[in-house]
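# Remarks on the overall topology
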Amino acid sequence: MLQSALAVTAPPQANLNFSAHDFPKNKIAACAPPSPFLPLLHRCRSTSEVYQVHGAIIKSGEGHDRFLLFQLLRRCSSLHSIDYASRIFESVKQPDVYHWTALIAGIVAGDFPLDAVLLYSQMMGESIAPDAVLISYVLKACGSQMALEEGKQIHGQVLKLSFGFERAVLMRLIGLYGGCGEFADAKKVFDEMPDRDAVAGTVLISCYSDRGLIDEALGVFCGVPERDTVCWTSMIDGLVRNGREMAAVNLFREMQRENVQPNEITIVCLLSACARLGALQLGKWVDSYLGKYGIRRNTFVCSTLIDMYCKCGSVEEAMKVFDGMPRRDVISYNSMIAGLAVHGKSLEAVQLYRKMIRLGFKPTHITFVAVLNACSHGGLVDLGFEMFESMEKVHGLLPEVEHYGCMVDLLGRVGRLQDAFDMIQEMRVEPDHVIWGALLGACRIHGNLALAKKIGQILISSEKADSGTFVLLANSYSSFGKWEDAARMRAILRERGMQKEPGCSSIEIDNELHEFLLGDIKHPQRKEIYEKLEEMTVLVKKEGYSPAKSEVLQDVQDQEKQWALAIHSERLAICFGLISTKPGKTIRVMKNLRVCGDCHSMIKLIAKVTGRKIVVRDRNRFHHFEDGSCSCGDYW
DNA sequence: ATAGGGTTAG
């Protein structure tokens, strides 16, 4: 029984001006002219149009023409109208392998791809020989559903039927094995192919990248002799998705040197690398490069540009791109709303959301993550609840853990800790580290150690306690000055061979990204950087800054190390920015963790005494420092 | 006679 077999319903009528009378019935026997229905069928853009052409075909008396039925099947399948395709298939007397293939192609692209395997064996049962094209479709279904066992069986038949040299089949086998993580088999198929095919290589590269095996992906990439745009793009994408953004940018430069034209997708991947790096200059260069290389500014590219500009700290540039778009989709709105939210422009984010709804766009889950995020950064509790409740009631979207997370964050920040705690207890999804982390952060802001400890107990006694749990608790305990508890958590982490992510900040100077670790002394200009830091420390102390040692010292023994560790990476990056750019120029720094309170108050004063704007992206949001204050209003 | 490849932002 096919899962997809549903009752066939008549499609809605479209107004197409033709009837059976428009087409001559009498054929010239000697050489049959091509059917006039073919171009019509080709032009069909919806099932209802196919339905009308089908009707016309029947009226013209050609309703049993096997070739026309095949073409009808193909059209239905490509329009994802599986029910209608099934019905046409039923009307074919003794369908041949082409009819089966056309039907199965539709099934593979539908909601229940593995039905293709059932149909395939049904066909075999009727003693119809499969060909390589059909088998490649069935293998595609197995690959997309990770149906390794079924795939292996079909692989066996491939060998028996001598299709082991068919390119389409081999391609699908690589996708199947690679997608299932069976890389020995995937590589074997790839290596046995007659040439080092760029497409097969691309399949394998993306399978390796999906599983974080980036070096293996690079190995395959290097072994492909004639790499096309897609192959380069998949490698660049793999690097970006595996945290190797700089390598991705360098690979793009190499691609240019080899004169391989990038396409829109290449650019999307490259912009995504810029966004993650926070490399604004690089991102601007990519933007300016588009027109010259014939890259169309489609909604995909523009949405990525918006995302890139927002994540690189320039919400103004993002807005320019957004305003300049001839057409927008929900994703363009999502990117822009999320960008406004993360820059603390809560009301603007909500206004844009309302505009989007007014214009008739259907919001997605991502839209609500962005909007609720805006509410929580802005402390807009009532509005947040209104939005949260409208998700399900008005838009039919069930809240997910991220949405509850935003609500917990919102409630926690304004001090409604018990309400936030109750929300976690009552929600219908499993709490994750992010959501407990949000509440622990709120406990710190509002000085509620008791609740923090209670959460710690819940987390440790839960079966899913992992490295993330202990990192979270270590941070939480140190924020309360509970050094012994924090040390205990870090000891557990060490025992298990896990480490906290080290703090790291970066700044882009003259198109080059400079990275600084906590207390870093590796930079060639370290002397000037530390002198600048010394100078700043003196200046900000005059403005009333006093270092809050408790945030940084912790349990480090060695005196010198203690001194080095006291210097958070963002301070080094900012000081490097101060000595490397002209006075008055905005300084933009990216940090992988959240900025601490001590650095936050120091940076406010650095902005004041130097007269600079300083933009810091931390793990959660942006801080725009200017003249002694921060856009977050010290609420983050 | 007939069909068939890979990569995509939040």
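Counting restarts for each chain: residues are numbered from 1 in the order of the written sequence. Starting at A for chains and at 1 for ligands, labels are handed out in the order in which the entities are written. Local features in this predicted model are restricted to residues of pLDDT 70 or higher, and side-chain atom pairs are both shown and tallied only at a pLDDT of 80 or more, whereas totals for entire chains, interfaces and linings draw on every residue. Side-chain calculation: all heavy atoms of the structure are included, whereas hydrogens and water are not.

## Thoughts on the protein's contact with DNA strand B
The condition that has to hold: In these notes, residues near a molecule or strand are those with any non-hydrogen atom within 4 Å of it. Polar contacts, as counted here, are pairs of nitrogen or oxygen atoms within 3.5 Å of one another; within protein the pair requires one atom able to donate a hydrogen and one able to accept it, and residues that are adjacent in sequence qualify only if both atoms are side-chain atoms. Here a strand is any run of E in DSSP of at least two residues, a helix any run of H or I of at least four, and the numbering for each starts at the N terminus. In this classification, the charged set is Asp, Glu, Lys and Arg, the nonpolar set is Ala, Val, Leu, Ile, Met, Phe, Trp, Tyr, Cys and Pro, and all remaining amino acids, among them Gly, are polar.
Not every one of the 30 residues close to DNA strand B is listed here, only the nearest: Tyr98, Arg167, Val199, Asp228 and Ile331. A share of 35% is what sugar and phosphate atoms reach among the atoms of DNA strand B within 4 Å of the protein. One nitrogen or oxygen atom from the side chain of Asp307 is found 3.0 Å from a phosphate oxygen belonging to DNA strand B. When contributions to the surface near DNA strand B are tallied by element, the ones reaching two or more residues are α3 (66-78), α7 (132-144), α9 (167-179), α11 (198-210), α13 (229-241), α15 (264-277), α17 (299-311) and α19 (330-342). Of the residues belonging to the surface near DNA strand B, the class tally is 15 nonpolar, five polar and ten charged.

## Some words on the pattern of salt bridges
We apply this condition: The term salt bridge refers to a side-chain nitrogen of Lys or Arg lying within 4 Å of a carboxyl oxygen of Asp or Glu. The classification of residues rests on relative accessible area computed with a 1.4 Å probe and restricted to protein chains. Under 20% of the type maximum is buried, over 50% is exposed, and intermediate values are partly exposed.
Inspection of the entire model under this criterion finds 25 salt bridges. Two residues, Lys320 and Glu317, come together in a salt bridge whose shortest N-O distance is 3.5 Å. Here Glu317 and Lys320 lie together in helix α18 (residues 315-323), a separation of three residues that amounts to about one turn. Between Asp485 and Lys453 there is a salt bridge whose closest N-O contact spans 3.7 Å. With Asp485 in helix α28 (residues 483-495) and Lys453 in helix α26 (residues 449-461), this pair connects stretches of sequence that are 32 residues apart. We classify Asp485 as buried; its relative accessible area is 14%. Residue class for Lys453 comes out partly exposed when judged on its relative accessible area of 34%.

## Points about α17
Since there are 3.6 residues in each turn of an α-helix, residues three or four apart along the chain are aligned in direction. Our working rule: Under the convention used throughout, the expected extent of a helix is 1.5 Å for every residue step, that is, one less than its residue count. Any pair of residues with heavy atoms lying within 4.5 Å of one another is described as a contacting pair.
Over its 13 residues, α17 extends 18 Å from the first C-alpha to the last, a length consistent with the 18 Å expected when each residue adds 1.5 Å. Within the sequence span of α17, burial applies to Val301, Cys302, Ser303, Thr304, Leu305, Ile306, Met308, Tyr309 and Cys310. Where α17 is buried, its residues meet α15, α16 (280-292), α18, α19 and β5 (622-626). The N-capping residue of α17, defined by a side-chain oxygen 3.2 Å from the backbone nitrogen of Phe300, is Asn298. Looking at the residues trailing α17, positive phi occurs at Gly313, about 95°.

## Description of the UniProt feature "repeat: PPR" (unreviewed entry) in chain A
We count it as follows: UniProt positions are given in the numbering used here, feature names are shortened, and annotations may be inferred rather than shown by experiment.
In the UniProt entry, the feature "repeat: PPR" (unreviewed entry) is given for residues 228-262, 298-328 and 329-363. Between the C-alpha atoms that bound residues 228-262 there is a distance of 9 Å. The span itself is 74% helix and 0% strand. Secondary structure across residues 329-363 comprises 74% helix and 0% strand; the distance between its end C-alpha atoms is 10 Å.

## Focus: the confidence of the model for chain A
As a reminder of what qualifies: Note on scores: pLDDT gives the predictor's confidence for each residue, bounded by 0 and 100.
Overall, the prediction assigns chain A a mean pLDDT of 88, with 92% of residues at 70 or greater. Predicted confidence is poor over residues 550-561, with pLDDT under 50, and the contacts of this stretch with residues over four places away or in other chains come to 15 contacts.

## What about the domain arrangement of chain A?
Spelled out, the test is: The domain boundaries here were taken from an automatic or database domain assignment.
Domain annotation of chain A identifies domain 1 (424-495) and domain 2 (504-630). Taken over C-alpha atoms, the centre of domain 1 sits 27 Å from the centre of domain 2.

## Describing the packing of aromatic side chains
Heads up, the rule is: Aromatic pairs are defined between Phe, Tyr and Trp rings, using the six-membered ring for Trp, whenever the two ring centres lie within 6.5 Å; interplanar angles under 30 degrees are classed as stacked, those over 60 as edge-to-face, and all others as tilted. Only Lys NZ and Arg CZ are tested; either one counts as a charge over a ring when it is within 6 Å of the ring centre and within 35 degrees of the ring normal.
Per the stated rule, a full pass over the model turns up 16 aromatic pairs. Ring geometry for Phe516 against Phe576: centres 5.7 Å apart, planes inclined by 55°, an arrangement best described as tilted. In this pair, Phe516 sits in strand β2 (residues 512-517) while Phe576 sits in helix α31 (residues 569-580), placing the two residues 60 residues apart along the sequence. In this structure Phe516 comes out as buried when scored by relative accessible area, which is 2%. Taken together, the ring pairs in this structure connect Phe252, Trp285, Tyr289 and Tyr293 into an aromatic cluster. Between Arg227 and the ring centre of Phe221, over which it is positioned, the NZ or CZ distance is 4.4 Å.

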